[in-house]
Amino acid sequence: MSKPVGKSSRYSSKVSSKTSRRRSAPSSAAAPVEKESLVPIPPEVSRRMVRRMLIFCGIPSGIGLSSFFVNYYLLVNHVVALPSYFTLVESLACFGLGFLGISYGVFSASWDPEPGSLLGIGEFRRNLGNTLKQWRASAAAPDSSDSGETSS
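Fair warning: this is a prediction, and the values are worked out from it, not measured in the lab. (Residues numbered from 1 in each chain as written. Predicted model: local features only at pLDDT ≥ 70, side-chain atom pairs only at ≥ 80, totals over all residues. Heavy atoms only, no water.)

Peer 1: Help me understand the overall build of the chain, please; the structure alone is not making it clear to me.
Peer 2: A tally of helices and strands in the chain yields 5 helices and 0 strands. By the burial criterion, 17% of the 152 residues in the chain qualify as buried. If you take every contact in the chain between residues at least 6 apart in sequence, the share linking residues at least 24 apart comes to 62%. Carbon and sulfur atoms form 66% of the exposed surface of the chain, whose accessible area is close to 12300 Å². (Helix = DSSP H or I, 4+ residues; strand = E, 2+ residues; numbered from the N terminus. Buried < 20%, exposed > 50% of the residue type's maximum accessible area, 1.4 Å probe, protein only. Contact = heavy atoms within 4.5 Å. Areas by Shrake-Rupley, 256 points an atom, 1.4 Å probe, with all protein chains shown as cover.)

Right, here's the structure in full:
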């Protein structure tokens with residue numbers, strides 16, 4: 001059987017050929033990838049980050065979850081008369097601390113192979129400073145993708 005030739009089949013073949021040309025065209029404006037960005041995180045640094053994230057995120061989140069049960073027990077057994085919004089505020093505060101704990105766990109870990117301090121305050125300042133410096137440098141660098149394109 002032969003394919004029906006009609007206006008819609010011709011249009012779809014034109015559209016598919018145009019989109020395939022766009023997808024397959026090499027982009028010469030792509031920025032070169034530096035070898036430093038391809039270096040993986042060493043396993044000991046990765047384990048240190050995960051351990052700190054579990055501690056600084058897991059403890060506040062666990063307290064936030066257990067606050068529902070503790071407050072329910074206190075209300076049902078008439079130990080303390082808590083206002084209705086207290087559980088909401090308490091759980092939001094704990095989950096907020098847990099959310100911040102994820103970032104603090106990553107930034108407070110020593111990114112060097114040797115371990116850092118217990119709380120990681122010095123490592124946090126150094127790692128956050130290095131990250132902000134890299135963001136500012138990448139924002140200040142001229143965008144190479146705009147220079148190679150021409151409008152028609």
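Peer 1: What am I meant to see in the packing of aromatic side chains here?
Peer 2: Each aromatic ring pair is described using two quantities: the centre-to-centre distance and the angle formed by the ring planes. A complete count under the given rule lists 4 aromatic pairs for this structure. Between the aromatic rings of F56 and Y104, the centroid separation amounts to 4.9 Å while the plane-to-plane angle is 90 degrees, which identifies the pairing as edge-to-face. In this pair, F56 is assigned in helix α2 (residues 43–76) and Y104 in helix α3 (residues 86–108), connecting sequence segments 48 residues apart. Ring plane angle 40 degrees and centroid distance 5.0 Å describe the contact between Y104 and F124, whose orientation is recorded as tilted. Remark: F124 occurs in helix α4 (residues 121–140) and Y104 occurs in helix α3; sequence separation between them is 20 residues. Among the residues examined, F124 registers a relative accessible area of 25% and is labelled partly exposed. Put simply, the rings of F56, Y104, F107, W111 and F124 touch in pairs and so form one group of aromatic residues. (Phe/Tyr/Trp six-rings, centres within 6.5 Å; stacked < 30°, edge-to-face > 60°.)

Peer 1: So what exactly am I meant to see when it comes to the environment of I41 here?
Peer 2: Mapped onto the fold, I41 is located in the loop between α1 (7–24) and α2. I41 sits in the exposed class, given a relative accessible area of 52%. Spatially, the C-alpha atom of I41 lies 10.0 Å from that of P113, the residues being 72 residues apart in sequence.

Peer 1: Could you clarify how one ought to interpret the packing of α2 against α3 in this entry?
Peer 2: Each pair of packed helices gets described by two things: the angle between the helix axes and the distance between those axes. Remark: α2 packs on α3, axes separated minimally by 7 Å, with the N-to-C direction vectors making an angle of 175 degrees. Relative to α3, α2 is oriented roughly antiparallel. Broken down by class, the residue content of the contact of α2 with α3 amounts to 15 nonpolar, 10 polar and 2 charged. (Axes fitted to C-alpha atoms, helices over the stretch in contact; angles between N-to-C directions. Parallel < 35°, antiparallel > 145°, perpendicular 65-115°, else oblique. Nonpolar A, V, L, I, M, F, W, Y, C, P; charged D, E, K, R; others polar.)

Peer 1: Teacher, can you tell me more about α2 here?
Peer 2: A turn of α-helix holds 3.6 residues, and therefore any two residues three or four places apart point the same way. Given a rise of 1.5 Å per residue, 34 residues ought to cover 50 Å, and the 48 Å separating the end C-alpha atoms of α2 matches this to within 8%. By the largest-angle criterion, G58 marks the main kink of α2, which is about 30 degrees, and a proline, P60, follows within four residues. Among all positions of α2, only V45, R48, M49, R52, C57, P60, S61, G64, S67 and N71 are buried. In this structure, the buried residues of α2 make contact with α3. Just downstream of α2, H78 is the residue with a positive phi angle, here 55 degrees. (Expected span 1.5 Å × (residues − 1). Bend = angle between axes of the 7 residues up to and from the residue.)

Peer 1: Explain the pattern of salt bridges here, please?
Peer 2: A side chain of one charge can pair with a side chain of the opposite charge if their charged atoms are brought near each other. If you walk through the whole model with that rule in mind, you get 1 salt bridge. R126 is the salt-bridge partner of D112, the closest N and O atoms lying 3.8 Å from each other. With D112 in the loop between α3 and α4 and R126 in helix α4, the pair connects residues that are 14 residues apart, well separated along the chain. Classification of D112 by relative accessible area gives partly exposed; the value is 34%. (Salt bridge = Lys/Arg side-chain N within 4 Å of Asp/Glu carboxyl O.)

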